[in-house]
Amino acid sequence: PAVTSPCKILKCNSEFWAATSGSHHLGTEEAPEFCTALRAYAHCTRRTARTCRGDLAYHSAVHGIDDLMVQHNCSKDGPTSQPRLRTLPPGDSQERSDSPEICHYEKSFHKHSAAPNYTHCGLFGDPHLRTFTDTFQTCKVQGAWPLIDNNYLNVQVTNTPVLPGSMATATSKLTIIFKSFQECVDQKVYQAEMDELPAAFADGSKNGGDKHGANSLKITEKVSGQHIEIQAKYIGTTIVVRQVGRYLTFAVRMPEEVVNAVEDRDSQGLYLCLRGCPLNQQIDFQTIRSAQATEGRARRKGPSLPAPPEAFTYETATAKCREKLPVEDLYFQSCVFDLLTTGDVNFMLAAYYAFEDVKMLHSNKDKLHLYERTQDLAPGNTAPLEMPSTLWVALLCLSQCWLCLL
């Protein structure tokens, strides 16, 4: 399968924004020109409809076009040539700095109560998922999957094979839809793909739109083409998106109240950040790692199956990952796993930056490192933490000493 998405909705969005930027500030005599741009926008979405069938940003654009057609009394029949390019006028809403109190989560929702409990979810590598409940999983999840779906925002990821015929997948596309909220923000769509990490929403804006609290939703570019941060203060949420190598990583910090804000609680099980990957999509990390180590030893003794391009052995992958991840937790083990399955050293950096994001976003600094999980204590996808090997050794020694005393 192709590694780049054939859906070109980003191109349609940017062309429409470039053609109409600032048009809402102009007089009614500009309405025909706006309708022309809107028809061109609709024509562009129809051209890419077949390849965008499962794309959230595409469906959002289609509904938005229909609404704008009605609002501006535009006919669906007429010219579709692109009008002249415009620049944003001075005083545009993107320059606003003041927001009403309702648009600041901690001030409005928790003015007379304790500070909210924040949770973290992250997705990186081949792909590895850390859920809001600190469950760590390695999953297959090829294709499009919902990462977050609540009353305030939707996040969808698309994972594609790293190499032709390989089971290793990584995130090649990310769509985030911030839903319209009171007097704070209009609906905004952010979409990133491989080799395209925009520093703006799909409509070209960098904040929440024309509402008074627009700046309670802002995009900041940290490193051009590599690292953006989205602050959604009206829901107390921070999102970090990175491109590492050719693939994307995602990390979010969100209050528990927002995480659990859904109209249909039965649908909560459908999104990965809350419930984890379905059991049939999970990879047995411990078994795979043991096989990788065995194969690494066998490779020294004689011929074996063809290796990935970089031909990492278990020992060289371990040494490489230790350069950036000195603690042998699940981020370290994920790094080793990815180097062996993909041969791409950028996956080491993806694991490293994922842990850096955890350090920045996780509210409980005692839970930054996670270790292996071995058995389920309760139904569902969550499982307890396995004790580190050093703790097992200590317990074994204590048990031996106790036997000696007896």
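Scroll up to find the structure.
What you see as residue numbers is a count from 1 along each chain, following the sequence as written. Two thresholds apply to this predicted model, a pLDDT of at least 70 for residue-level local features and 80 or more for giving and counting side-chain atom pairs, whereas whole-chain, interface and lining totals are computed over all residues. As a rule here, side-chain values cover all heavy atoms of the structure and leave hydrogens and water aside.

A. The pairing of strand β7 (residues 188-193), seen in detail. Only protein chains enter the accessibility calculation, which uses a 1.4 Å probe. A residue is then buried if its area is under 20% of the maximum for its type, exposed if over 50%, and partly exposed in between. Where helices and strands are cited, they refer to DSSP runs of H or I of at least four residues and of E of at least two residues respectively, numbered from the N terminus. The buried fraction of β7 amounts to six of the six residues, a majority that puts the element mostly inside the structure. Strand pairing follows a simple DSSP-based rule, namely that at least 2 bridges must link the two strands. Here six bridges tie strand β6 (residues 169-178) to β7, and the two strands are oriented antiparallel to one another. Among the inter-strand pairings, I176 is bridged to a residue of β7, identified as Y190.

B. Expanded view of the pattern of salt bridges. We count a salt bridge whenever a side-chain nitrogen from Lys or Arg sits within 4 Å of a carboxyl oxygen from Asp or Glu. This model, assessed by the stated rule, comprises eight salt bridges. Between D203 and K188 there is a salt bridge; the shortest N-O distance is 2.6 Å. Of this pair, D203 sits in the loop between β7 and β8 (217-223) while K188 is found in strand β7, placing the two residues 15 residues apart along the sequence. On the basis of relative accessibility, which here comes to 5%, the residue K188 falls in the buried class.

C. Up close: helix α10 (residues 346-361). Take the number of residues in a helix, subtract one, and multiply by 1.5 Å to get its expected span. For α10, with 16 residues, the first-to-last C-alpha span of 22 Å sits near the 22 Å given by 1.5 Å per residue. Within α10, the full set of buried residues consists of F347, M348, A350, A351, A354, F355, D357, V358 and L361.

D. Structural view of the pairing of β8. In the sheet, β8 pairs with strand β9 (residues 227-232) via six bridges, with the strands oriented antiparallel. Across the sheet, the residue bridging to V223 is H227, located in β9. Hairpin connection of β8 to β9: three residues between the antiparallel strands, including G225 at a positive phi of 75°.

E. Molecular detail of the nonpolar core. Put simply, buried Ala, Val, Leu, Ile, Met, Phe, Trp, Tyr and Cys residues joined by side-chain atoms within 4.5 Å make one nonpolar core. Counting residues in hydrophobic clusters, the biggest one holds 47 residues, and the most contacted among them are F132, I148, L153, I176, F178, Y234 and F250. If you tally residues by element for this core, the top one is strand β11 (residues 247-255), at four residues. The residues touching L153, leaving out its near neighbours within four places in the chain, are I148, I176, I177, F178, K179, I235, I239 and M254. Whether two residues touch is decided by their heavy atoms; if any such pair falls within 4.5 Å, the residues are in contact.

F. Layout of the sheet that holds strand β5 (residues 153-161). Overall, antiparallel pairing links the four strands, which are arranged β4-β5-β6-β7 in an open sheet. If you trace the sheet from one side to the other, it starts and ends with β4 (143-149) and β7, each paired once. Direction aside, neighbouring strands of the sheet carry axes that sit 20° apart on average. Across the sheet, helix α3 (residues 56-71) touches β5, β6 and β7, and the angle it forms with β6 is around 30°. Interaxial angles span 0 to 180 degrees and are taken between N-to-C directions of axes, which are lines fitted to C-alpha atoms, for helices over the stretch in contact.

G. Molecular detail of the packing of aromatic side chains. Two aromatic rings, drawn from Phe, Tyr or Trp (for Trp, its six-membered ring), form a pair once their centres lie within 6.5 Å of each other, and the interplanar angle then sorts them: stacked below 30 degrees, edge-to-face above 60, tilted otherwise. Within the structure shown, the criterion is met by 11 aromatic pairs. Members of the aromatic cluster, each reached through a chain of ring pairs, are F124, F136, Y331 and F355. For the cation-ring pair, R253 lies above Y118, with the distance from its terminal atom to the ring centre recorded as 3.7 Å. In this analysis the charged atom, NZ for Lys or CZ for Arg, is taken to sit over a ring once it is within 6 Å of the ring centre and within 35 degrees of the ring normal.

H. Here's a closer look at the environment of T318. Looking at where T318 falls in the secondary structure, it is placed in helix α8 (residues 314-324). Under the relative-accessibility criterion, T318 is labelled buried at 11%. Measuring from C-alpha to C-alpha, the distance between T318 and F337 comes to 9.2 Å, with 19 residues separating the pair along the chain. Aside from chain neighbours lying at most four places away, what touches T318 is F332 and V336. Here a polar contact is taken to be a pair of N or O atoms separated by no more than 3.5 Å, where protein atoms must pair a possible hydrogen donor with a possible acceptor and residues adjacent in sequence count only if both atoms sit in side chains. Within the structure, the side chain of T318 is placed 2.7 Å from the backbone oxygen of Y314, a separation counted as a polar contact.

I. Region of interest: the sheet that holds strand β1 (residues 118-124). Reading across the sheet, the seven strands line up as β3-β2-β1-β11-β10-β9-β8 and stay open at both edges, with antiparallel pairing between neighbours. With one partner strand each, in any of the chains shown, β3 (136-138) and β8 form the two edges of the open sheet. Each strand of the sheet is rotated relative to its neighbour by a mean of 10°, with strand direction disregarded. Of the strand pairs in this sheet, β1 and strand β2 (residues 128-130) are connected by three bridges, and their pairing is antiparallel. The partner of G122 across the bridge, within β2, is R130. Relative to the sheet, α10 contacts β1, β2, β9, β10 (237-244) and β11, its axis offset from that of β10 by approximately 165°.

J. Representation of the state of the cysteines within the structure. When the sulfur atoms of two cysteines come within 2.5 Å, that pair is taken as a disulfide. Going through the model one piece at a time under the given rule, you end up with seven disulfides. The disulfide partner of C12 is C44, and the S-S distance across this bridge is 2.0 Å. Looking down the S-S bond of the C12 and C44 bridge, the torsion is -80°, so its handedness is left-handed. In this pair, C12 sits in helix α1 (residues 9-20) while C44 sits in helix α2 (residues 31-47), placing the two residues 32 residues apart along the sequence. Across this residue pair, the class does not change: C12 and C44 are buried. Residue C321 pairs covalently with C335 via a disulfide, S to S 1.9 Å. Around the S-S axis, the bridge from C321 to C335 shows a dihedral of about -90° and counts as left-handed. On the criterion of sequence distance, the pair formed by C321 in helix α8 and C335 in helix α9 (residues 330-342) is long-range, its members being 14 residues apart. Each member of the pair, C321 as well as C335, carries the same accessibility label: buried.

All we've got here are geometric facts, nothing functional implied.
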